[in-house]
Amino acid sequence: MEQNTQLSEKDIHLLQDTIKKVSSYDFSDYSYNSFYRRIEKILTDEGITFDSLLTNLQKDYNYLDKVVRNITVNTTELFRDPETWYSVRKAVELNFARQKSINIWHAGCSNGLEVYSFMILLSEMNLLEKATIYASDINQTVLNTAMSGKYKYHEINEYLENFDKALNQNEDMKKSYPSVEIKNYMEINKFKDFVRMKDFLIEKPLFIKHDLVSCKNIFAHNFDIILCRNVLIYFNHNLQNKVLSFFYDNLTTKGCLIIGRHEGIIGPIASNFSKQGTIYFRRNSY
Ligand SMILES: C[S@@+](CC[C@H](N)C(=O)[O-])C[C@H]1O[C@@H](n2cnc3c(N)ncnc32)[C@H](O)[C@@H]1O
């Protein structure tokens with residue numbers, strides 16, 4: 001096994017430039033520390049030197065794809081941060097429920113658990129039918145899982161209790177939706193080790209590969225709700241601003257952006273939004 005030495009800032013920039021040169025990916029504006037840690041992990045896991053990593057990236061596109069998959073962090077959950085979904089429900093009820101249609105985009109959707117969570121909530125609110133749902137990620141492997149709607153039970157069972165926390169254990173939520181049954185939405189088989197979403201959920205969204213760095217709207221319309229949770233934290237301030245201003249431009253006048261529970265919008269761009277918890281409404285949108 002080859003030895004891995006400490007990486008310098010120059011190494012990191014050389015790597016980012018190399019990836020940019022040989023592919024359509026551009027990690028130059030990812031958070032330096034997070035990018036550094038991911039590369040360090042790749043070198044340690046594979047037991048290769050930085051020079052070998054550079055060489056492999058340039059001669060083998062499949063290898064590059066694997067590295068890109070390893071650079072992106074795909075952690076997600078069913079009804080992640082259950083209390084967020086109370087605010088999401090209120091925001092939808094107050095602002096979008098009476099519209100003829102609701103356009104939703106999950107940007108950085110990982111393996112789709114967030115998308116299925118929102119669809120379940122919308123279904124309980126009798127709004128699923130009028131929702132158009134797009135979900136995208138830079139990583140095709142997680143998108144394939146999202147499209148299949150099938151998960152390993154042992155990998156997601158710890159998140160199943162979020163379902164109850166988000167839908168059945170909040171007094172306010174209980175008033176409107178008494179006892180939501182998980183079996184209406186997914187088949188759970190502990191022994192065969194799978195959880196499979198129901199077909200009506202799997203068939204609903206359009207899952208598509210999309211790189212947020214491009215700041216291109218490939219969907220040809222604006223969105224009432226954009227969810228981009230736990231993605232911006234992997235970008236540096238410059239890229240965060242670029243993407244936030246892209247979201248702003250692609251929200252409807254009443255539209256809102258939902259980011260992660262531990263994320264916030266800071267700097268001049270913050271004045272474009274009015275904040276309600278983790279939900280940011282396009283300013284002057286009322
Ligand atoms: C930590 S996961 C968050 C998933 C989900 N939104 C949630 O909060 O549970 C971050 C996701 O962002 C995706 N991602 C990272 N960079 C991206 C980019 N430039 N464009 C689109 N997606 C990206 C990753 O592949 C990963 O699936």
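(A) Geometry of the overall build of the chain. Along the backbone of the chain there are eleven helices and ten strands. Here the C-alpha atoms of the chain give a radius of gyration of 20 Å, agreeing with the 19 Å that 2.2 N^0.38 yields for 286 residues. In terms of principal-axis extent, the alpha carbons of the chain reach across some 60 × 50 × 30 Å. For the chain, the proportion of its 286 residues judged to be buried stands at 35%. In the chain, the share of contacts with a sequence separation of at least 24, taken over all contacts with a separation of at least 6, comes to 77%.

(B) Region of the structure containing the nonpolar core. Core analysis: the largest hydrophobic core is formed by 70 residues, its most contacted members being I226, C228 and L257. Top contributing element to this core by residue count: helix α6 (residues 113–124), with eight residues. If we skip the residues at most four places from it in the chain, L257 touches I226, C228, F247, L251, F273 and Y280.

(C) Summary view of the site of the ligand. Inspection of the region around the ligand gives 23 residues, with T72, T76, G108, S110 and R229 positioned closest. Taken together, the residues that form the shell around the ligand break down as eight nonpolar, nine polar and six charged.

(D) Inspection of the sheet that holds strand β9 (residues 273–276) at higher detail. Read from one edge of the open sheet, seven strands run β6-β2-β1-β7-β8-β10-β9, paired in mixed fashion. Both outer strands of the open sheet, β6 (206–209) and β9, are each paired with one neighbouring strand and no more. Across the sheet, the mean angle from the axis of one strand to that of its neighbour is 20 degrees, orientation sign disregarded. Packed on one face of the sheet, helix α7 (residues 140–148) meets β2 (131–137) and β6 and runs near 170 degrees to β6. Contacts from helix α11 (residues 237–249) reach β7 (223–228), β8 (251–259) and β10 (279–282) within the one sheet, and its direction differs from that of β8 by about 140 degrees.

(E) The arrangement of helix α3 (residues 50–59) in detail. Here α3 has its buried residues at F50, L53 and L57. One side of α3 carries all its buried residues, which in axial view fall inside an arc of 55 degrees. Along α3, the residues that are exposed and aim more than 90 degrees away from the buried face are D51 and K59. Packing partners of the buried residues in α3 comprise α1 (9–22), α2 (32–46) and α4 (61–71).

(F) Up close: the sheet that holds strand β5 (residues 194–197). Overall, antiparallel pairing links the three strands, which are arranged β3-β5-β4 in an open sheet. A strand with exactly one partner marks an edge of an open sheet, and here the two such strands are β3 (150–152) and β4 (186–189). For this sheet the average axis-to-axis angle between neighbouring strands, irrespective of direction, equals 15 degrees. In this sheet, β5 lies alongside β3 in antiparallel orientation, the contact comprising three bridges. Following the sheet pairing, K150 is matched in β5 by R196.

(G) Looking closely at the pairing of β5. The alternating pattern of β5 places V195 and M197 on a buried face and F194 and R196 on a face that is not buried. Where β4 lies against β5, four bridges are found, and the strand directions are antiparallel. Bridging across to β5, N189 finds its partner in F194. Hairpin remark: β4 followed by β5, antiparallel, with four residues in the connecting loop; positive phi at D193, about 55 degrees.

(H) Highlighting the packing of α1 against α3. The geometry of α1 relative to α3 is characterised by a closest axis approach of 10 Å and an angle of 10 degrees between their N-to-C directions. Classified by the angle between their axes, α1 and α3 sit roughly parallel to one another. Contacts from D11, L15, T18, I19 and V22 in α1 reach F50, L54, L57 and Q58 in α3. Its residues assigned to classes, the contact of α1 with α3 shows six nonpolar, two polar and one charged.

(I) Main features of the environment of V92. Looking at where V92 falls in the secondary structure, it is placed in helix α5 (residues 84–95). C-beta crowding within 10 Å serves as the criterion here: with 23 such atoms nearby, V92 is assigned to the buried category. On a C-alpha basis, the gap between V92 and F200 in space is 21 Å, while along the polypeptide they are 108 residues apart. In contact with V92, not counting residues within four places along its chain, are A97, M125 and L127.

(J) Quick look at the domain arrangement of the chain. Taken domain by domain, the chain comprises domain 1 (9–71) and domain 2 (84–282). Taken together, the contacts link eight residues of domain 1 with nine residues of domain 2. Classifying every residue of the side of domain 1 that touches domain 2 gives three nonpolar, two polar and three charged.

So, how was this worked out
Residues numbered from 1 in each chain as written. Predicted model: local features only at pLDDT ≥ 70, side-chain atom pairs only at ≥ 80, totals over all residues. Helix = DSSP H or I, 4+ residues; strand = E, 2+ residues; numbered from the N terminus. Rg over C-alpha atoms; globule rule 2.2 N^0.38 Å. Buried ≥ 20, exposed ≤ 12 C-beta atoms within 10 Å, placed from the backbone. Contact = placed C-beta atoms within 7 Å. Core = buried A, V, L, I, M, F, W, Y, C linked by C-beta atoms within 7 Å. Near = placed C-beta within 6 Å. Nonpolar A, V, L, I, M, F, W, Y, C, P; charged D, E, K, R; others polar. Pairing = 2+ DSSP bridges. Axes fitted to C-alpha atoms, helices over the stretch in contact; angles between N-to-C directions. Arc of directions from axis to C-beta. Parallel < 35°, antiparallel > 145°, perpendicular 65-115°, else oblique. Domains from an automatic or database assignment.

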